Amino acid sequence: MRELAEAIARSPHTIDVEFLSKGLHDLGGAHMREALQARVDDADPARHDAVLLGYALCGNGLHGLEARRVPLVAPRAHDCIALLMGSRQRYAAYFNAHAGVYFRSTGWLERGRDIEQLTRAAGTDFTLADLIAKYGDDNGRYLYDEFTRYQTQYQQLTFIETGLEVDDRFEQQARAEATEKHWAFDKICGDLTLFRRLVGGEWDPADFLVVAPGGRIVASYDDDIIKAEPLG
Amino acid sequence: MADLQKLHDAILNGDAKASAALAQEALGHNVPPIELVQHAMVPAMDEVGRRFECQDYFVPELLLSARAMKAALELLRPLLAASGAQPAGTVVIGTVQGDLHDIGKNLVAALLEGGGFEVIDLGADVAPEKFVETVRGTRANIVCLSALLTVTMLSMRTTIEGLKAAGLRDRVKVLVGGAPVTRQFAEEIGADGYGENASVAVSLARTLTTAATIG
């Protein structure tokens, strides 16, 4: 939230802003798209020139999103983390070099509680005790291992420093989490250029997709990540 | 037949200990292993799949039934092999390169095993070359690729291209699945099948292998 707010404050345009629940994409692509579509449809063509999406493709959460009355603008990225890194190319290079990394940033840590509520609604948040209570000791433990094993294959936590940090409390939180889980810790320098260009109206087609009313966003399954497709 | 019904129910209810004990007991009574598979275990897993489709069962129930089925299958496998029983097909399965998420893949692997397939599970973060090498070195006729991220699912295309380049594409049917994967994507990369959820995988694999045998 801080990241986008900073970019909005510097934009030459007048921007109405709405922040949605952070864990939306944990609900699955179709649910995220429905939630976004409802908000997007609230935009008023008499008042708004465009709806700017501060999202990446995010598990296909943008796939199928329709521009009905107002154009949509979305950054070309698979993962919102690319927006904090300044380019999808930099994200791809980091991702390819580090399979099994969790990312943290000030905005992420500050708004962490919200995501827990949503994952609970999605049924993916449970403790070992919950599972044992429901399925018995043996089966409960088995399920817990199955559901959490992939996390044990994650080996690193990377904190993205954006320059907006008031102090080092969130970096310290991230370091503590890495230590607790016996993960490696890395800190990289963030780059908020994509946010600034998004809200500044600098939509270079190489980095942003603009969809006019009558079109929808779809995954392109190539380096462009997303493309426009006519409705109908 | 009473024992077969009990084994069927133990699998349906996800009771791995009972499932293993009942299979052991049936073997003690000289029930042929293939009969246990065909008349108790496969029907039980088919019922599990049906309940999942109707949303009576969810992922935890699927995992527990698969576990119970595997507990019985472990006992039968050496006997089935010795009797010369042929699997429904041989599947090479894995989560594609760069992706560590394995819950869905494990579920599909377990359901395929329960459906009578021989399953070679390569784990997660599997490079295209590894899939190619395994297909080449085995009698595999099905390859299942899983991904949870839009960024990694593109590796499915690379894997299919790798199979083509190695001259192995015609030998196998390729099935793809995972949260971000769509039917359109599956068609675009030239996969033979797409499963929207884990329970579809077994019927899809059966259809494709039967078609392959006839073809």
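The rules we used
- Residues numbered from 1 in each chain as written.
- Chains lettered and ligands numbered in written order.
- Predicted model: local features only at pLDDT ≥ 70, side-chain atom pairs only at ≥ 80, totals over all residues.
- Heavy atoms only, no water.
- Helix = DSSP H or I, 4+ residues; strand = E, 2+ residues; numbered from the N terminus.
- Rg over C-alpha atoms; globule rule 2.2 N^0.38 Å.
- Buried < 20%, exposed > 50% of the residue type's maximum accessible area, 1.4 Å probe, protein only.
- Contact = heavy atoms within 4.5 Å.
- Patch = residues over 30% accessible without salt bridge, like charges linked within 9 Å, V, L, I, M, F, W, Y side chains within 5 Å.
- Areas by Shrake-Rupley, 256 points an atom, 1.4 Å probe, with all protein chains shown as cover.
- Salt bridge = Lys/Arg side-chain N within 4 Å of Asp/Glu carboxyl O.
- Lys, Arg positive; Asp, Glu negative; His and termini not counted.
- Charge placed at Lys NZ, Arg CZ, Asp CG, Glu CD.
- pLDDT = per-residue confidence, 0-100.
- Buried area = accessible area lost by both parts, 1.4 Å probe.
- Pairing = 2+ DSSP bridges.
- Axes fitted to C-alpha atoms, helices over the stretch in contact; angles between N-to-C directions.

Q: Tell me what's going on with the overall build of chain B, and back it up with residues and numbers.
A: A count of helices and strands for chain B gives nine helices and five strands. For chain B, the N- to C-terminal ordering of α and β elements is α-α-α-α-β-α-β-α-β-α-β-α-β-α. Computed over the C-alpha atoms, the radius of gyration of chain B is 17 Å, within 12% of the 17 Å expected from 2.2 N^0.38 for a compact globule of 215 residues. Taken along the three principal axes of its C-alpha coordinates, chain B extends 50 × 35 × 30 Å. The buried share of chain B, taken over its 215 residues, is 52%. Look at the contacts in chain B between residues 6 or more apart in sequence, and 73% of them connect residues 24 or more apart.

Q: Outline a negative patch on the surface, listing residues and values.
A: Taken together, the side chains of Asp-222, Asp-223 and Asp-224 of chain A together with Glu-188 of chain B make up a negatively charged region of the molecular surface. Along the polypeptide, Asp-223 of chain A turns up in the loop between β8 (215-219) and β9 (226-230).

Q: Go over the confidence of the model for chain A with me, naming the residues and quoting the values.
A: Summing up the model confidence of chain A, the mean pLDDT is 87 and the portion of residues at 70 or higher is 91%. Taken element by element, the predicted model of chain A shows its lowest mean pLDDT in helix α6 (residues 112-122) of chain A (48) and its highest in strand β7 (residues 208-211) of chain A (97).

Q: Give a detailed account of the interface of chain B and chain A, specifying residues and quantitative values.
A: Counting residues at the interface gives 28 residues for chain B, matched by 22 residues for chain A. Summed over both partners, the interface of chain B with chain A comes to about 2,400 Å²; 60% of that surface belongs to carbon and sulfur atoms. The largest share of the area that chain B buries against chain A comes from Arg-67, Leu-100 and Thr-150 of chain B, three residues that together contribute 25% of it. Inspection of the region where chain B meets chain A yields one salt bridge.

Q: I'd like a description of the sheet that holds strand β4 (residues 173-177) of chain B, backed by residues and values.
A: Residue and element names in this part refer to chain B. On the basis of which strands lie adjacent, the open sheet formed by five strands has the order β2-β1-β3-β4-β5 and parallel pairing. The sheet terminates laterally at β2 (118-121) and β5 (193-195), the two strands that pair on one side only. Each adjacent strand pair in this sheet contributes to an overall mean axis angle of 25°, direction not counted. Where strand β1 (residues 90-95) meets β2, four bridges bridge the pair, whose relative direction is parallel. Bridge pairing in β2 places Val-92 opposite Ile-120. Packed on one face of the sheet, helix α6 (residues 128-137) meets β1, β2 and β3 (142-146) and runs near 170° to β1.

Q: Hey, could you go over the pattern of salt bridges for me, with residue numbers and the actual values?
A: Once the charged atoms of two side chains with opposite charge are near each other, the side chains can pair. Residues and elements named next belong to chain A. Tallied over the full model, the rule gives 28 salt bridges over all chains. A salt bridge links Arg-39 to Glu-18; the shortest N-O distance between them is 2.7 Å. Of this pair, Arg-39 sits in helix α2 (residues 29-40) while Glu-18 sits in the loop between α1 (2-10) and α2; the two residues are 21 residues apart in sequence, bridging distant segments of the chain. With relative accessibility at 34%, the residue Arg-39 sits in the partly exposed group.

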